[in-house]
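So you can see what is in the structure, the chains are spelled out below.
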Amino acid sequence: GEDLVRADYLILSSPRARGTVGRLPDQFPVMSRYYRLLESGDLGFDEVYEGTSYPQLFGWEINDSAAEESFWVYDHPPVRIYRKARALSGDACRDLLSQAIPDNGQP
């Protein structure tokens, strides 16, 4: 929570973690919720940039985003940049993220 309070920008330099966590929300409930809240703007950050730099050959751009992940994720991953639009307190951030933790009846 405190890191989000202090941050002015968040940079996702690869979709790899978001993609993995997104497929396993039962195993990563807090991180799954973090990415959903970030993308919706509910964490107080707005996306200000999304882009990638595709390889080029003889002036032709080659969009290889549908290729096997290892061809693009290490060399030229898509990047997303989020800028803080409104400040949330550390408690507010923790409250938002803790809603993802299943209530299993433990004290």
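Quick one: what's the story with the overall build of the protein, residue by residue and with numbers?
Across its full length, the protein carries five helices and five strands. Moving toward the C terminus, one meets the helices and strands of the protein in the order α-β-α-α-β-β-β-α-β-α. The C-alpha atoms of the protein give a radius of gyration of 17 Å, which is well past the 13 Å a tight globule of 107 residues would have. Overall, the protein is about 60 × 30 × 20 Å in size when its C-alpha atoms are taken along their principal axes.

Explain helix α5 (residues 90-98) to me, and be specific about the residues and the numbers.
Of all the residues in α5, the buried ones are Gly90, Cys93, Leu96 and Leu97. Each buried residue of α5 lies within a common arc of 130° when the element is viewed along its axis, so the set occupies one face. Contacts from the buried residues of α5 go to α1 (2-6) and α3 (29-40).

Account for unusual backbone geometry, naming residues and giving values.
Positive phi outside glycine occurs at Phe58, with the angle close to 55°. Residue Phe58 is classed as exposed on the basis of its relative accessible area of 75%.

Lay out the side chain of Arg18 in plain terms, naming residues and giving numbers.
With respect to the helices and strands, the residue Arg18 is situated in helix α2 (residues 16-23). In this structure, Arg18 is in contact with Leu12, Tyr35, Glu39 and Arg80, ignoring residues within four places of it in sequence.

Before we move on, can you summarise a nonpolar patch on the surface with the specific residues and values?
Taken together, the side chains of Tyr9, Ile11, Val48 and Tyr49 make up a nonpolar region of the molecular surface, amounting to roughly 410 Å² of accessible area. Taken together, the elements giving at least two residues each to the nonpolar patch come down to β1 (9-12) and β2 (45-51). With respect to the helices and strands, Ile11 occurs in strand β1.

Scoring rules and cut-offs
Residues numbered from 1 in each chain as written. Predicted model: local features only at pLDDT ≥ 70, side-chain atom pairs only at ≥ 80, totals over all residues. Heavy atoms only, no water. Helix = DSSP H or I, 4+ residues; strand = E, 2+ residues; numbered from the N terminus. Rg over C-alpha atoms; globule rule 2.2 N^0.38 Å. Buried < 20%, exposed > 50% of the residue type's maximum accessible area, 1.4 Å probe, protein only. Arc of directions from axis to C-beta. Contact = heavy atoms within 4.5 Å. Patch = residues over 30% accessible without salt bridge, like charges linked within 9 Å, V, L, I, M, F, W, Y side chains within 5 Å. Areas by Shrake-Rupley, 256 points an atom, 1.4 Å probe, with all protein chains shown as cover. Salt bridge = Lys/Arg side-chain N within 4 Å of Asp/Glu carboxyl O.

That's the geometry; what it means functionally is another story.
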